[in-house]
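Fold and geometry: a report
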Amino acid sequence: MWWKFLNAVRRGEHKLSPVTWLTAIAAVIYTLVPVDLIPELFFGPVGLVDDLGFWGVVVMLATREKNAWEVQQRRGARVVDV
């Protein structure tokens, strides 16, 4: 069902909330930028915990968006404007 949801977002049939977009963009930037709350250089694998936590929030928000989309699909709505 994720594939259908992502295609609906890509086609504009479902609009993601700005919070979801901002969190996803921030997670990408935070993962790529070398500045870290818990640096991997000093703490090894433990330093990945903050990165994984950020991505966990992104997954949680995306799952909430997908569930809302599924409810709208069951109700027969075409476009969801958040």
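Since the structure is predicted, the reported quantities are computational estimates derived from the model, not experimental observations.

Some points on a nonpolar patch on the surface
- On the surface, Trp21, Ile25, Ile29, Val33 and Val35 cluster together into a nonpolar patch covering about 490 Å² of accessible area.
- Looking at where Val35 falls in the secondary structure, it is placed in the loop between helix H2 (18–32) and helix H3 (40–43).

Examining the pattern of salt bridges
- Inspection of the entire model under this criterion finds three salt bridges.
- With a shortest N-O distance of 2.7 Å, Lys66 and Glu70 are connected by a salt bridge. Taken as a pair, Lys66 and Glu70 lie in helix H4 (residues 49–75) at a separation of four residues, close to a single helical turn.
- Between Arg74 and Glu70 there is a salt bridge; the shortest N-O distance is 4.0 Å. You can see Arg74 and its partner Glu70 sitting in helix H4, four residues apart, about one turn around the helix.
- Given the relative accessible area of 13%, Glu70 is considered buried.
- Three or more residues joined by partner-sharing salt bridges are found here, namely Lys66, Glu70 and Arg74.

The rules we used
- Residues numbered from 1 in each chain as written.
- Predicted model: local features only at pLDDT ≥ 70, side-chain atom pairs only at ≥ 80, totals over all residues.
- Heavy atoms only, no water.
- Patch = residues over 30% accessible without salt bridge, like charges linked within 9 Å, V, L, I, M, F, W, Y side chains within 5 Å.
- Areas by Shrake-Rupley, 256 points an atom, 1.4 Å probe, with all protein chains shown as cover.
- Salt bridge = Lys/Arg side-chain N within 4 Å of Asp/Glu carboxyl O.
- Helix = DSSP H or I, 4+ residues; strand = E, 2+ residues; numbered from the N terminus.
- Buried < 20%, exposed > 50% of the residue type's maximum accessible area, 1.4 Å probe, protein only.

Coordinates in, geometry out; function isn't part of it.
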